[in-house]
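# Understanding the architecture of this molecule
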Amino acid sequence: MSFSLVEIALVVSLLLSVAALTVAIIALKRSGQQTHESKELLARVNRELTVANTGAVGMGQRLVAMEKRLRDQEARPASSAQAQAPVADYAGDDEFRTYSEAVRLFRSGLGSEEVARRCGLSRAEASLIEAMQNAGKNAGR
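Residues numbered from 1 in each chain as written. Predicted model: local features only at pLDDT ≥ 70, side-chain atom pairs only at ≥ 80, totals over all residues. Heavy atoms only, no water.

## Considerations on the overall build of the chain
Defined as follows: A run of DSSP states H or I qualifies as a helix once it reaches four residues; a run of E qualifies as a strand once it reaches two. Both are numbered from the N-terminal end. Relative accessible area decides the class of each residue, using a 1.4 Å probe on protein chains only: under 20% of the type maximum gives buried, over 50% gives exposed, and in between gives partly exposed. By definition, residues are in contact when any of their heavy atoms lie within 4.5 Å.
The number of helices and strands found in the chain is 5 helices and 0 strands. Shown N-terminal to C-terminal, the secondary structure of the chain runs as helices and strands in the order α-α-α-α-α. Among the 141 residues that make up the chain, the fraction classed as buried is 15%. Sequence-distant contacts in the chain: of pairs separated by 6 or more residues, those separated by 24 or more amount to 42%.

Laid out in structure tokens, this is it:
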């Protein structure tokens with residue numbers, strides 16, 4: 001039984017077509033898996049971004065409240081005891097005390113990472129307080 005050249009070419013062509021189809025199916029499956037993984041990653045990033053935004057808004061509100069307290073304190077006539085301890089009215093407020101301690105540490109020359117570590121603040125909170133301190137220094141000039 002002898003095969004003609006045309007028959008051999010057809011068989012080879014059929015085998016190549018099956019191999020190409022197999023490779024295409026495997027590539028399609030991998031592409032589907034990558035799409036699924038990308039969607040999961042995007043959903044995770046969106047959740048983390050939402051958490052970060054919520055934290056930033058809360059931190060911003062706390063900083064605004066702290067600035068208001070400081071402005072109110074500065075607007076009052078200061079006695080000599082108050083001049084030495086401007087946060088005495090807020091001694092019971094642990095959060096305000098933490099921020100006051102952070103301000104003191106920044107004034108002593110520490111960086112935001114060290115202040116965050118010592119005061120139990122996030123790096124973002126420490127960086128914002130540092131920026132406020134720097135803005136206050138520049139406004140006073």
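## Some points on the nonpolar core
The condition is simple: Take the buried Ala, Val, Leu, Ile, Met, Phe, Trp, Tyr and Cys residues and link them wherever side-chain atoms come within 4.5 Å; each set so joined is a nonpolar core.
Core analysis: the largest hydrophobic core is formed by 15 residues, its most contacted members being A102, V115, C119, L121 and I129. Looking at this core, the elements with two or more residues in it are α1 (5–75), α3 (94–107), α4 (112–119) and α5 (123–139). Tallying contributions element by element places α3 first for this core, with 6 residues. Excluding anything up to four places from it in sequence, I129 contacts L63, Y99, A102, V103, F106 and L121.

## Re a nonpolar patch on the surface
For clarity, the cut-off: The patch calculation keeps residues exceeding 30% relative accessible area without a salt bridge and links them within 9 Å when they carry like charges or within 5 Å when they are nonpolar (Val, Leu, Ile, Met, Phe, Trp, Tyr). All accessible areas in this document rest on Shrake-Rupley with a 1.4 Å probe, and a residue is counted as covered only by the protein chains that are shown. Counted as salt bridges are all cases of a side-chain nitrogen of Lys or Arg within 4 Å of a carboxyl oxygen of Asp or Glu.
Judged by side-chain polarity, F3, I8, V12 and L16 come together as a nonpolar surface patch covering roughly 410 Å² of accessible area. L16 gets classed as exposed once you look at its relative accessible area, which sits at 57%.

## Details of α4
Stated formally: Summarising the geometry, the arc corresponds to the directions from the helix axis toward the C-beta atoms.
For α4, the set of buried residues is S112, V115, A116 and C119. The buried residues of α4 all sit within an arc of 100 degrees when viewed along its axis, so they share a single face. Away from its buried face by more than 90 degrees, α4 exposes E113 and R117. Downstream of α4 by one or two residues, G120 has phi in the positive range, about 75 degrees.

## With respect to α1
What counts here: Helix span, as expected, comes to 1.5 Å for every residue beyond the first.
Relative to the 105 Å expected for 71 residues at 1.5 Å per residue, α1 spans 101 Å between its end C-alpha atoms, a close match to the ideal helical length. For α1, the complete set of buried residues consists of M59, L63, M66 and Q73.

## Re the pattern of salt bridges
Tallied over the full model, the rule gives 7 salt bridges. Salt-bridge contacts for R62 lead to E125; the nearest nitrogen and oxygen are separated by 2.2 Å. One end of the pair, R62, is in helix α1; the other, E125, is in helix α5, with 63 residues separating them in the sequence. With a relative accessible area of 35%, R62 lands in the partly exposed category. Here E101 and R104 are joined by a salt bridge, their closest N and O atoms 2.5 Å apart. Highlighted residues: E101 and R104, both in helix α3, separated by 3 residues, approximately one helical turn. Among the ionic contacts, a cluster of salt bridges with common partners joins E114, R117 and R118.

## What about the environment of N134?
Tracing the chain through its elements places N134 in helix α5. In this structure the C-alpha to C-alpha distance between N134 and R107, which are 27 residues apart in sequence, comes to 9.8 Å.

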